[in-house]
Amino acid sequence: MEEKFARPEIRKPENIVYKRTDLLVDRPLSYCPGCGHGVVHRLLMEVIEEKDIVSKTIGISPVGCSVLAYDFLDVDMQGAAHGRAPALATAITRLWPDRYVFTYQGDGDLAAIGTAETIHACNRGENFTIIFINNGIYGMTGGQMAPTTLPGMRSSTSPYGRDVDIMGHPLKITELVANLPGTYYVTRQSVQTPGAVRKTKKALRKAFDNQDLNKGVSLVEVVSNCNSGWKMTPVQSNIWMEENMFPYYPLGDIKVEGTLVEK
Amino acid sequence: MGELRLMKGNEAIAEAAIRAGCDGYFGYPITPQSEVMEYLMAEKPYESTGMVVLQAESEVASINMLYGGAGTGKIVMTSSSSPGISLMQEGISYLAGTQLPALIVNIVRGGPGLGTIQPSQADYNQAVKGGGHGDYHMIVYAPASVQEMADFVATGFKAAFKYRTPVMILSDGAIGQMMEKVYLSDPVPRRTEEEIISQCPWATTGRPPTRDHNIITSLDLDPAGQERLNLVLQEKYRKIEENEVMYEEIECEDAEYIFTAFGLSARICQKAIELAREKGINVGLFRPITLFPFPKKEIRELGRKVKGIMVVEMNAGQMIEDVRLSVDSDIPIEHYGRFGGIIPTPDEIVNVLENKIIGD
Ligand SMILES: Cc1ncc(C[n+]2csc(CCOP(=O)(O)OP(=O)(O)O)c2C)c(N)n1
Ligand code: SF4
Ligand SMILES: [Mg+2]
């Protein structure tokens with residue numbers, strides 16, 4: 001670190017206006033350059049740090065590209081089986097009611113194999129936060145079709161584009177769980193611009209603040225790029241996301257303080 | 001001091017769990033074991049001891065709740081019956097791979113498929129040989145009475161924490177449903193948060209400034225690391241085989257022939273011994289209580305003294321493989337089994353002994 005700075009005399013605590021949170025472990029992330037996962041990791045740890053709740057936080061990592069999230073997030077973590085994070089989180093919040101518990105899940109994890117666990121945890125009104133990275137694809141296993149893959153979108157298992165007549169429709173699980181009485185806060189955000197990053201951080205902060213109220217699940221969906229799986233450059237992928245993903249998955253709050261937001 | 005009560009096997013498990021200081025039960029209804037959760041919900045231990053009782057949306061969910069709960073260092077359990085236990089196999093494999101303590105009760109019913117709700121012992125191989133993916137074992141206890149249903153709950157919790165491993169109580173629909181008198185020991189209080197944190201330094205309790213973050217995972221993408229984990233597991237299983245074997249010998253001292261049976265079959269064999277001895281056949285019973293670790297040495301030694309062994313199981317011949325692997329003397333080892341929920345009668349057993357083993 002030190003040697004990178006030509007002028008150590010200006011690197012004084014009083015001069016630092018921004019730095020990586022100490023809760024993000026100082027090691028190279030396993031994500032592709034340009035991928036949104038890393039940004040969300042940082043925001044998540046900033047929120048934990050700012051709320052000063054490290055000693056009370058337990059995270060659940062999924063199976064997906066973020067399977068190794070526990071290597072980067074400096075809080076106690078348990079790796080779930082594919083899709084089952086909400087079941088783990090349910091038990092942990094019930095056994096340690098004063099802890100802040102979060103799951104971090106991809107769209108395949110949360111909206112395909114783990115659909116039942118997601119819906120039932122949301123419906124029971126468990127007191128934890130779900131961070132849902134929707135990149136419309138199975139990143140980790142090499143770009144197969146996800147439940148969230150857009151109509152016409154190519155993936156390795158929909159090489160001619162998703163044909164909804166054969167492969168079914170993309171699942172808007174976030175809207176679905178917003179309609180359940182057990183969810184308290186449901187929002188959809190993104191991290192492709194500084195403004196979007198700030199909004200996502202606010203959403204994450206709100207989700208963790210909600211846990212102080214014990215009113216049910218807070219779910220923060222982040223529509224994110226998968227430049228590798230989409231076979232684009234990071235910049236192209238962000239443009240493609242804005243033009244194609246956002247119309248299908250519109251950004252903004254869906255449910256706030258237990259009430260659906262009028263659109 | 002304790003207390004004497006008349007209870008169903010399933011109820012005895014539930015009551016024993018509360019008394020053993022259990023922190024959490026997660027389950028899904030299935031016959032013939034639903035009384036476990038029904039009893040817990042009626043007793044409301046969440047008001048008395050603070051124990052969490054939760055009905056999950058499936059056995060997939062309940063085993064993963066168990067996995068998450070076990071990660072907290074608390075004492076957790078689930079119960080189910082055969083089809084439900086099949087759904088749990090991935091989660092059990094994760095518990096083994098992450099070396100977490102947990103208790104799983106299987107009140108076995110006849111299969112395959114939806115099968116029947118009548119008692120069976122056809123899940124022996126699934127319980128003892130792994131069941132889920134990867135090289136692992138659970139410690140498996142096979143109760144033969146309502147008393148043992150109750151006793152093996154605390155025994156199971158203790159072994160689970162001693163070795164940090166999933167433990168199974170493998171029983172069947174008859175023992176789960178039948179009523180017997182059972183001695184229940186006095187309740188022990190649930191452990192405090194401080195006790196859990198000091199006894200389970202590996203658990204997800206929240207990272208204080210004084211230690212690194214705890215990570216519970218079975219993933220190691222480096223083959224050398226994954227092999228190391230496997231070697232640790234194998235060494236643990238060898239230790240379990242050295243220290244945890246439990247078995248019972250009944251009328252074996254003068255026996256010329258031996259029945260080998262576990263659980264309900266062993267109960268029936270006890271009656272068969274009486275009938276056989278009335279006919280002048282000196283037969284005894286060797287009852288493995290732990291199915292893993294299997295009492296290999298003990299059955300081998302018995303095998304050197306007797307003229308034949310008859311393995312009685314309510315399945316098509318599963319434990320007999322372990323008996324054959326253990327016994328090194330040249331004696332007949334035969335199997336008698338009934339399936340699909342049919343319980344063998346003592347007469348049948350004696351007949352088969354006479355025809356298949358003594359007649360040889
Ligand atoms: C039971 C089971 N089935 C399948 C897999 C293989 N698998 C691993 S990750 C994954 C998809 C992950 O996609 P997603 O949740 O969208 O996460 P991403 O990688 O896109 O972030 C699959 C199918 C598995 N590990 N376990
Ligand atoms: S494959 Fe996709 S989701 Fe996974 S790290 Fe790369 S860009 Fe991100
Ligand atoms: Mg994905």
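Residues numbered from 1 in each chain as written. Chains lettered and ligands numbered in written order. Predicted model: local features only at pLDDT ≥ 70, side-chain atom pairs only at ≥ 80, totals over all residues. Heavy atoms only, no water.

Brief notes about the domain arrangement of chain B
Residues and elements named next belong to chain B. Once the domains are mapped, chain B shows domain 1 (3-199 + 234-238) and domain 2 (248-358). Contact with domain 1, which involves 29 residues of that partner, is made by 23 residues of domain 2. Of the roughly 2100 Å² buried between domain 1 and domain 2 on both sides combined, carbon and sulfur atoms contribute 56%. If you sort the residues of domain 1 by the area they bury against domain 2, Gln121, Tyr124 and Ala142 come out on top, with a joint share of 33%. Inspection of the domain 1/domain 2 interface yields three salt bridges. Put simply, domain 1 and domain 2 have 15 residue pairs in polar contact (both at pLDDT 80 or more) between them. Within the residue set of the side of domain 1 that touches domain 2, elements represented by two or more residues are α7 (124-128), β6 (139-141), α8 (146-163), β7 (166-172) and α9 (173-177). Here the residues of the side of domain 1 that touches domain 2 are counted per class, giving 17 nonpolar, seven polar and five charged. (Domains from an automatic or database assignment. Contact = heavy atoms within 4.5 Å. Buried area = accessible area lost by both parts, 1.4 Å probe. Salt bridge = Lys/Arg side-chain N within 4 Å of Asp/Glu carboxyl O. Polar contact = N/O pair within 3.5 Å; in protein donor to acceptor, adjacent residues only side chain to side chain. Helix = DSSP H or I, 4+ residues; strand = E, 2+ residues; numbered from the N terminus. Nonpolar A, V, L, I, M, F, W, Y, C, P; charged D, E, K, R; others polar.)

Notes on the site of ligand 2
What surrounds ligand 2 is the set A:Tyr31, A:Cys32, A:Cys35, A:His37, A:Cys65, A:Asn135, A:Gly139, A:Cys226, A:Asn227 and A:Ser228. For the shell around ligand 2, the class distribution of residues is five nonpolar, five polar and no charged. (Near = heavy atom within 4 Å.)

Section: the pattern of salt bridges
Residue and element names in this part refer to chain A. For the coordinates displayed, the defined rule picks out 42 salt bridges over all chains. Note that Lys201 is salt-bridged to Glu50, the shortest N-O span being 2.6 Å. One end of the pair, Lys201, is in helix α8 (residues 194-211); the other, Glu50, is in helix α1 (residues 37-51), and 151 residues separate them in sequence. The exposure class assigned to Lys201 is buried, which follows from its relative accessible area of 19%. Residue Lys56 pairs with Asp98 through a salt bridge whose shortest N-O separation is 3.2 Å. In this pair, Lys56 is assigned in the loop between α1 and β1 (57-61) and Asp98 in the loop between α3 (85-95) and β3 (100-106), connecting sequence segments 42 residues apart. Look at Asp98 and you get partly exposed, because its relative accessible area is 38%. Through salt bridges with shared partners, a single network forms among Arg42, Glu46, Glu50 and Lys201. (Buried < 20%, exposed > 50% of the residue type's maximum accessible area, 1.4 Å probe, protein only.)

Quick notes on the coordination of the magnesium ion (ligand 3)
Residues and elements named next belong to chain A. Within the first shell, the magnesium ion (ligand 3) binds the protein through Asp107 (OD), Asn135 (OD1) and Ile137 (O), at distances of 2.0 to 2.1 Å. All donors to the magnesium ion (ligand 3) come from one chain, and their sequence spacing reads D-x27-N-x1-I. Both residues of the pair, Asn135 and Ile137, count as buried. (Donors = N, O, S within 2.8 Å, 3.2 Å for Na, K, Ca; no water.)

Observations concerning the sheet that holds strand β13 (residues 290-292) of chain B
By way of backbone hydrogen bonds, the strands of a sheet pair with one another, either parallel or antiparallel. All names here are of chain B. One open sheet accounts for seven strands, arranged β3-β2-β4-β5-β7-β6-β13; its pairing is mixed. Each edge of the open sheet is held by one strand with a lone partner, namely β3 (52-55) and β13. Taking each pair of neighbouring strands and ignoring which way they run, the sheet shows an average axis angle of 20°. Pairing of β6 with β13, which is carried by two bridges, proceeds in the antiparallel orientation. (Pairing = 2+ DSSP bridges. Axes fitted to C-alpha atoms, helices over the stretch in contact; angles between N-to-C directions.)

Considering the environment of A:Arg99
Mapping A:Arg99 onto the fold places it in the loop between α3 and β3. Classification of A:Arg99 by relative accessible area gives buried; the value is 3%. As a C-alpha pair, A:Arg99 and A:Gly152 span 53 residues in sequence and 43 Å in three-dimensional space. Setting aside chain neighbours within four positions, we find A:Arg99 in contact with A:Ser55, A:Lys56, A:Ile58, A:Gln211, B:Glu193, B:Ile197 and B:Thr205. A distance of 2.7 Å separates polar atoms of two side chains, one belonging to A:Arg99 and the other to A:Asp98.

What to know about the sheet that holds strand β12 (residues 283-288) of chain B
Residues and elements named next belong to chain B. Spatial strand order, β10-β12-β11-β14-β15: five strands in an open sheet with mixed pairing. Each edge of the sheet is formed by a strand with only one pairing partner; in this case those strands are β10 (247-250) and β15 (333-337). For this sheet, the mean inter-axis angle between neighbouring strands, taken without regard to orientation, is 20°. In this structure, strand β14 (residues 308-313) lies alongside β15, joined through five bridges in parallel fashion. Each bridged residue has a counterpart across the sheet, and for Ile309 the counterpart in β15 is Ile333. Where helix α12 (residues 263-278) meets the sheet, it contacts β10, β11 (257-260), β12 and β14, and its direction lies at approximately 170° from that of β12. Along the sheet face, helix α15 (residues 346-358) touches β11, β12, β14 and β15 and points at about 140° away from the line of β14.

Concerning the site of ligand 1
A:Cys65, A:Asp107, A:Gly108, A:Asp109 and A:Gly139 are the nearest of the 17 residues found near ligand 1. Per-site note: the chains with residues close to ligand 1 are chains A and B. Here an oxygen atom of ligand 1 sits 2.9 Å away from a polar atom, N or O, in the main chain of A:Gly139. Within the contact set of ligand 1, an oxygen atom lies 2.9 Å away from a backbone nitrogen or oxygen of A:Met140. Protein contact buries 77% of the 590 Å² of open area that ligand 1 shows by itself. Of all the elements in the fold, those that place two or more residues in the shell around ligand 1 are α4 (107-113) and β5 (137-138) of chain A. If you tally residues by element for the shell around ligand 1, the top one is α4(A), at four residues. Looking at the shell around ligand 1 residue by residue, the classes come out as six nonpolar, eight polar and three charged. (Areas by Shrake-Rupley, 256 points an atom, 1.4 Å probe, with all protein chains shown as cover.)

Topic: the pairing of strand β9 (residues 252-256) of chain A
Residues and elements named next belong to chain A. Here three bridges tie strand β7 (residues 183-190) to β9, and the two strands are oriented antiparallel to one another. When the bridges of β9 are listed, Thr187 appears paired with Asp253. In terms of strand pairing, β9 meets strand β10 (residues 259-260) through two bridges, oriented antiparallel. Along β10, the bridge assignment pairs Val256 with Thr259. Linking β9 to β10, which pair antiparallel, is a turn of two residues; within it Glu257 sits at a positive phi near 50°.

So, the nonpolar core
Ranked by internal contacts, the top residues of the largest apolar core, which has 148 residues, are B:Ile104, B:Phe259 and B:Ile309. At nine residues, α8(B) tops the list of elements feeding residues into this core. When residues of this core are sorted by domain, at least three fall in each of domain 1 (3-199 + 234-238) and domain 2 (248-358) of chain B. Leave out the neighbours within four places in its chain, and B:Ile104 touches B:Ile63, B:Leu66, B:Thr78, B:Ile85, B:Met88, B:Ile92, B:Leu95, B:Met138, B:Pro166, B:Val167, B:Met168 and B:Ile169. Grouped together as the second largest cluster of nonpolar side chains are 34 residues, A:Leu24, A:Leu43, A:Ala69 and A:Phe208 included. (Core = buried A, V, L, I, M, F, W, Y, C linked by side-chain atoms within 4.5 Å.)

Concerning the interface of chain B and chain A
Contacts between the two partners involve 38 residues from chain B and, on the opposite side, 36 residues from chain A. When the area that chain B buries against chain A is broken down by residue, the three leading residues are B:Glu57, B:Arg207 and B:His213, summing to 21%. The interface formed by chain B and chain A contains four salt bridges. Put simply, A:Arg124 and B:Glu57 hold a salt bridge, and the shortest N to O gap is 2.8 Å.

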